Structures are given as structure tokens and as C-alpha cells.
Amino acid sequence: MPTATVSAADADYVLLAREYLDWYAAAHPTRATRLGYHMHDAHLPDVSSDALKRKAEALRGWLTRLEQVEARGGLSGDAAVDVRVLENAMRADLLELEEVRPWARNPGFYVGIISSGLDGLSSREFAPVAERMRAMRSRMARIPGVLDAAQFNLSGVPKLWAEYALRDARGTVVYLRTDLPRTLAAQGYAQVPLSERAAFTAAREEAARQLEAFAVWLERELLPKADGDFRLGRERFEKKLALEEHVTLDADALRDINERAIRDYKAWVAREAARLDASKTPEQVMAELVKDHPKAEELVASARAQLVELQRFVRERNILTLPSDRLPVVRETPPYARLGFASMDTPGPFEKKATEAFYNITNVEPGWTPEQKAQHLTYFNRAGLLGITVHEAMPGHFVQLLYGARIPTDVRKVFTPASLVEGWAHYSEQMMVDEGLGNGDPAVRLGQLRRALQRHARWYAALALHVYGEPLEEVAKRYAEIAYFEPFPALREVERGTLDPTYLYYAVGRMQIFKLRDDYRRHLESRGKTLVLKDFHDRLLQLGLPVSLAREVFLPGDTAPSLE
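Predicted model, so just to flag it, every value in this text is computed and none were measured.

## A word on the sheet that holds strand β2 (residues 342-345)
Part 1: With mixed pairing, the three strands of this open sheet are ordered in space as β1-β3-β2. Only two strands of the sheet have a single partner each, and these edge strands are β1 (329-332) and β2. When strand polarity is set aside, the average angle formed by the axes of neighbouring strands in this sheet is 25°.
Part 2: As defined by bridge partners, β2 adjoins strand β3 (residues 358-361) across four bridges and the pair is classed as antiparallel. Pairing of D345 across the sheet is with F358, part of β3.

If you want it as C-alpha cells, here you go:
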């Protein structure tokens, strides 16, 4: 019977997906903690060369099983879509292991395992503090294995990555000795039995010593010999983007789309700048705009106040349905995670108890020169900070968190692509101003346009660095020109692009969502209906699909590209 056949195929897929997610959690214990799976909280991943080979073999086995399920046909409903999400996720993991190879090229890969593994257990109170301390001690006991693997595996390391890893290793030492004790003290550490506190203190200090020794090794042994090339190359770049973001355009097509968008946004900037001061060039207007920013000590408080106002705006303008009244905690970015300017640290989709979310803002560093501090703060100009708060929190990443429980399958919750996550948040920046945020103030629009051009500058930098082989310093100069950035923050952004080669997913995702919205509006109008923005947003967030696959749900039978 056809119904029985379809049901059996779906059941086979559901079983495979469940077994794969269980294996995935065990193979990625620190990510499992972040997702809210706590059965592996005592472990760090085995990153020895033999373990990495076994992982690659296991992934090939999972792909074979998945292909067998697909070959039988008959998948329906969510399974028919999710099977493509799962296959891409498996292939992306295999690509990372065998071709991108951060385990061989990036010492920060190992520092990140340790810092993320400990922070994931300390920043949220999903279990009593004593229980989490025991899990942290277990992870600390596994740090030597991680660092031994690093020293064995690493070769051909780019100098810049070695420098970043050295900074992050030292930041993790600060975290272990200062931030971690402070965090636990606020969570009832004093009530833990003295013997357990003593054991934890000893383990923590030993972990700090190990990271210090690793930092010495990085500085004295690795850094002097770090002469590797960070570039992915065209083939790996295109493959990585296709598997992770479901975007299959080649690099040349992507470059053409981006250059068109830059020209369009630059023309928009010129129109808005003339509204503010027609006697000045757009560059001069932008330069004045970014000088108006909160002082360093005012950044966090300013963002908190914006959150409340943005929540009110979303409700009053019917932007979308807010599932709760919650707001995230606003704080300075922890010292081991300060590569970007701002971020949202959300609990995982399966976290049941510790559901706090943290809106991180990277403030100035004490060791920077006065000029570097001043240039850094230009990023947080008042119009810019408003857009950052939209992006990170309301209705950006934090609202995505609130919708996580409504996404129908675990596969989508675990393997949500960055082009949807970051694309939604970046789309929100422009959409909110379109819907009246700022009451038509050209400064607010210019702030939004500057951030849009920042994301298109990232798009340019990703291709220039990894596909076209342009020198980093020249890429930073053009980045600053595209995004109206000062040289120092532009250089930091481009350096990030060496580590995050597909960070064009912000603008790619935004453009995909706008195109889907426009195409869906035309689809409705052809049937005598009107698009309701709130309904579109609610449905998109609840689907949790890559935009190219979400199109198939919104527009059945549609064959138009998601980006052009």
C-alpha cells in the first residue's frame, strides 16, 4: 500500500536521524553542552590524529546509510526536506575534517575547545553548581590530551592565526583565574563542600598552568615557524558555502552580485547623506556620524535601554509575534572571545533549565592606544549601536532563540545554517528601519546602511582573500572604503575573514530573505491576497530552514533561484 510505504520510509529516516544526532553529540561534547544535551558534559572531544581519522570514517558510513534511505524514496513531509539538511551537514563536517583541516592549521581550534567547553558549563545554571564543577574538573583533566594533540597535529599554521591563538590562550588563563571563580561565586560556590572546592581550585590552577605552558609553546616554538597560508582556494570555498549555506553560486557570480549591491547601497548612502548635509561628501557625513558614540563605560547601559524600546516597537508595529516578555542579559564580551564587536550567546534549543541569553559587547582593551580605542568605539556610534541591538537581540538573534521551540524537527534545530541565523538578524536591521524605526531620521538610516555595507565588505573580503588571492593589507583598505570604516577596525574585520572564510553569509542571507518576501508577495497578489509581514516573519522563523529550502514551502513548485 502506498501509505504504508511512505510511512516506513519516513520511519527509517527518523530512526537514522535520531541515531546520528546521538552520535554527533558524543563526537562533539562541547557543542552538545551548548545545544542543551548534557549527557556528555564531562568530556572534551578526542582530537588526536587517530580519532579524527575514525571520525571521518564514521561520517562516510553515516552518509552511506543516508543515501540508502534516500534511494528507497517515499519520504514525505518534514523528512523530505530535512534529509537534505542532514546530508549537507554530514558532508560539511567531512569537508572540514579532510579539506579545510582547522585541526592541522589553526591552534585556536584547540584553545576554543577548552574555553568553550568550560564556559558552557559555567555560564548557565542548568544543574547545581557542585555538579557542574565536577563536570568541569573532568574536562580540565582532559586538557593535556587536547594540547598534546595540538602540538602533534599542527603544521603549516598561518602567522596571524598563531598570534590570535596566543592571545586567546592568555585570555583563557585570565578566565580560569579571574572570571570563572567570580562567575561561580555568584552561583552558590560557597555552599559547596570544602573538599570539593579545594579539588576544583587545584584542577583550575593546573588547567591555567597548562594553558600558560601552551601559550609559551605558541610564542617560542610555533609562532617563529608559522608561515602557512590561510586561503581556502576557489574549489574549497565554493564547496564549503554550498554545503553549509545551501548556496550553490560560483565565486564569480557571487562577486558580481556583491559589486552590484555595493553600488546600490553607496547610491542610497549618497541620498541620505545629502538629507543631513548636502554641503559634505557622503564620506564626510559618515565620518561625523560615527564620532557620536557612547563612552566606553556607557556602552552596556546604552544597549540595555535600547532593548526595552525595541521590544515595545516590535509589538506596536506588529513586526512579529514575541513568544515571551524575556530580554537577554547585556554584558561585556568574555576575554577569550573578543574577536568580533558584538555577539549573542543563547542557550541551546534543547536546554530546559538555564535559559539565560547573553548579549555580548566587546569594549576597548586596556592595552590599546588612545587612537585605537577611539577608532574601535566608532563602531558603536549611536545609530550603529541601535542596529547592533536590533541584530543581536530584538528582533534578531534573541527572538530566533524564542522561536527555537517552535521549529518542528531536531535536525533543523541542530544544523541551522548561518545564512539563516545571521541573515535573519541582518535582514531585521533594514526591515526595522523600513517599518519606521528612527522615525525617518537619516542618521538612523545611514547607520543601517553602513552596517549593510560592512556585511558587503565582508562578502568582498571573503572572496578577495580566499578565492582571488588579494593581499590582506589591500583588502583591508578596500574594506574601509566600502564600509566607511577606520583603518584599525577594518583590519580587524578582514583578519576575522581569514578565519571565517564564508562570513558573506550575513548579506547573502539578508538578500535571500528579501527576495523570498518579494516573490511570496507577488505569489499572494496573483491570487488576490495580501502579504501580512507579521505572518511571513512568524512562519519563516518557525520553519528553521535554509532560505533556499524555505522557498519550497512558501512557493511550492517554484524554481527561481534564492539569490541572483
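## As for the packing of helix α13 (residues 282-289) against helix α20 (residues 442-466)
Part 1: Between α13 and α20, the shortest axis-to-axis distance is 11 Å and the interhelical angle comes to 100°. The pairing of α13 with α20 is recorded here as roughly perpendicular in orientation. Each of V285, M286 and L289 in α13 lies in contact with α20, whose residues at this interface are A443, L446, G447 and R450.
Part 2: Residues belonging to the contact of α13 with α20 are distributed by class as follows: five nonpolar, one polar and one charged.

## Overview of helix α9 (residues 159-185)
Part 1: Between its terminal C-alpha atoms α9 stretches 38 Å, which fits the 39 Å expected from 27 residues at 1.5 Å a residue.
Part 2: At Y175, α9 shows its largest bend, some 45°.

## Description of empty space enclosed by the protein
Part 1: Here the structure, examined in full by the defined rule, presents two cavities of 30 Å³ or more.
Part 2: Computed from the structure, the largest cavity encloses a volume of approximately 60 Å³.
Part 3: In terms of lining, the largest cavity is formed by T33, R34, H38, G120, S123, R124, F126, T346, P347, G348 and E351.
Part 4: Considering only residue class, the lining of the largest cavity consists of two nonpolar, six polar and three charged.
Part 5: In this structure, the second largest cavity occupies an estimated 40 Å³ of space.
Part 6: Forming the walls of the second largest cavity are A383, L386, G387, V390, E429, V433, L437, V444 and R451.
Part 7: Taken together, the elements giving at least two residues each to the lining of the second largest cavity come down to α16 (382-392), α19 (418-434) and α20.
Part 8: Counting residues per element, the lining of the second largest cavity draws most heavily on α16, which supplies four residues.
Part 9: Of the residues contributing to the lining of the second largest cavity, the split by class is six nonpolar, one polar and two charged.

## Some thoughts on the packing of aromatic side chains
Part 1: Enumeration over the complete set of coordinates arrives at 19 aromatic pairs.
Part 2: Geometrically, the ring pair formed by W424 and Y427 is tilted, given 5.5 Å between the ring centres and 35° between the ring planes. Here W424 pairs with Y427, and both are found in helix α19, just three residues apart, close to one helical turn. Each of the two residues, W424 as well as Y427, counts as buried.
Part 3: The ring of F358 has R331 sitting right over it, with the charged end atom 4.2 Å from the ring centre.
Part 4: In this structure, R458 is placed above the aromatic ring of Y506, and the distance from its NZ or CZ to the ring centre is 4.6 Å.

## So, unusual backbone geometry
Part 1: Residue P395 is bonded to the preceding M394 through a cis peptide linkage, with omega at 10°.
Part 2: Mapped onto the elements, P395 comes out in the loop between α16 and α17 (397-403).
Part 3: The phi torsion at H246 lies on the positive side, around 60°, for a residue other than glycine.
Part 4: Relative to the helices and strands, H246 is located in the loop between α11 (234-245) and α12 (251-276).
Part 5: Owing to a relative accessible area of 14%, H246 belongs among the buried residues under this scheme.
Part 6: Positioned with a positive phi, Y484 is a non-glycine residue whose angle comes to about 60°.
Part 7: Summarising the element assignment, Y484 is placed in the loop between α21 (472-483) and α22 (487-499).

## Structural notes on the environment of W62
Part 1: Inspection of the secondary structure puts W62 in helix α3 (residues 49-72).
Part 2: Spatially, the C-alpha atoms of W62 and E19 are 9.7 Å apart, while their sequence positions differ by 43 residues.
Part 3: W62 has contacts with L16, E19, Y20, W23 and M90, leaving out every residue within four places of it along the chain.

## Brief notes about the environment of L241
Part 1: Along the chain, L241 turns up in helix α11.
Part 2: Separated by 10 residues in sequence, L241 and A251 place their C-alpha atoms 9.9 Å apart.
Part 3: If we ignore the near neighbours within four places in the chain, the residues touching L241 are H246, V247, L254, T502 and L504.

## Some remarks on the nonpolar core
Part 1: Core analysis: the biggest nonpolar cluster contains 194 residues, and L86, M140, F415 and W459 have the highest contact counts within it.
Part 2: Broken down by element, the residue count for this core peaks at 14 residues, all from α20.

## Looking at the side chain of R451
Part 1: For R451, the position within the fold is in helix α20.
Part 2: Setting aside residues no more than four positions away along its own chain, R451 makes contact with A383, G384, G387, I388, H426 and E429.

## Thoughts on helix α4 (residues 77-100)
Part 1: With 24 residues, α4 should reach 34 Å at 1.5 Å per residue; the first-to-last C-alpha distance of 34 Å fits that figure.
Part 2: Positive phi appears at R101, one or two residues downstream of α4, with a value of about 55°.

## Considering the packing of α12 against α21
Part 1: Packing of α12 against α21 brings their axes to within 10 Å, and their N-to-C directions diverge by 40°. When the interaxial angle is binned, α12 and α21 end up oblique. Between α12 and α21, the contacting residues are E259, I262 and K266 on the first element and R478, E481 and I482 on the second.
Part 2: In the contact of α12 with α21, the residues fall into two nonpolar, no polar and four charged.

## Quick word on the pattern of salt bridges
Part 1: Across all of its chains, the model carries 51 salt bridges by this definition.
Part 2: Measuring nitrogen to oxygen at the nearest pair gives 3.1 Å for the salt bridge that ties E219 to R170. Taken together, the residues E219 in helix α10 (residues 194-222) and R170 in helix α9 connect sequence positions 49 residues apart.
Part 3: Assessed through its relative accessible area of 40%, E219 is described here as partly exposed.
Part 4: On the accessibility criterion, R170 (42% relative accessible area) is partly exposed.

Rules and cut-offs
Just so you know, the residues in each chain are numbered from 1, in the order the chain's sequence is written. With the structure being a predicted model, the display of local features is reserved for residues of pLDDT at least 70 and the display and counting of side-chain atom pairs for 80 or more, all residues being used for whole-chain, interface and lining totals. The side-chain numbers reported here are obtained from all heavy atoms of the structure, hydrogens and water having been left aside. A pair of strands is considered paired only if DSSP assigns at least 2 bridges between the two. Per the convention used, a helix needs a DSSP run of H or I reaching at least four residues, while a strand needs a run of E reaching at least two, with both numbered from the N terminus. To define axes, lines are fitted to C-alpha atoms, for helices over the stretch in contact only, and angles between the resulting N-to-C directions are given on a 0 to 180 degree scale. Roughly parallel covers angles under 35 degrees, roughly antiparallel covers those over 145, roughly perpendicular covers 65 to 115, and oblique covers all other angles. Here a residue-residue contact requires only that any non-hydrogen atoms of the pair lie within 4.5 Å. Three categories are distinguished: nonpolar for Ala, Val, Leu, Ile, Met, Phe, Trp, Tyr, Cys and Pro, charged for Asp, Glu, Lys and Arg, and polar for the others, with Gly belonging to the last. Multiplying 1.5 Å by the residue count of a helix minus one yields the expected span of that helix. To get the bend at any residue, fit one axis to the seven residues that end at it and another to the seven that begin at it, then take the angle between the two axes. Buried and open spaces are told apart on a 1 Å grid over the protein atoms alone, a cavity being a set of points where a 1.4 Å probe fits but cannot get out and a pocket being an open set with protein on both sides within 12 Å along at least five of seven lines. Residues with an atom within 4 Å of a point are the lining residues. Grid points are joined across faces, edges and corners, and a volume is the space filled by probe spheres set on the points. To pair, rings of Phe, Tyr and Trp, with the six-membered ring standing in for Trp, must have centres within 6.5 Å; the planes then decide the type, stacked if under 30 degrees apart, edge-to-face if over 60, and tilted in the middle. A 1.4 Å probe rolled over the protein chains alone gives each residue an accessible area, and that area as a share of the maximum for its type sets the label: buried under 20%, exposed over 50%, partly exposed in between. Lysine NZ or arginine CZ positioned within 6 Å of the ring centre and within 35 degrees of the ring normal marks a charge as sitting over the ring. What makes a nonpolar core is a set of buried Ala, Val, Leu, Ile, Met, Phe, Trp, Tyr and Cys residues whose side-chain atoms join them at distances within 4.5 Å. Salt bridges are defined by distance alone: a side-chain nitrogen of Lys or Arg within 4 Å of a carboxyl oxygen of Asp or Glu.

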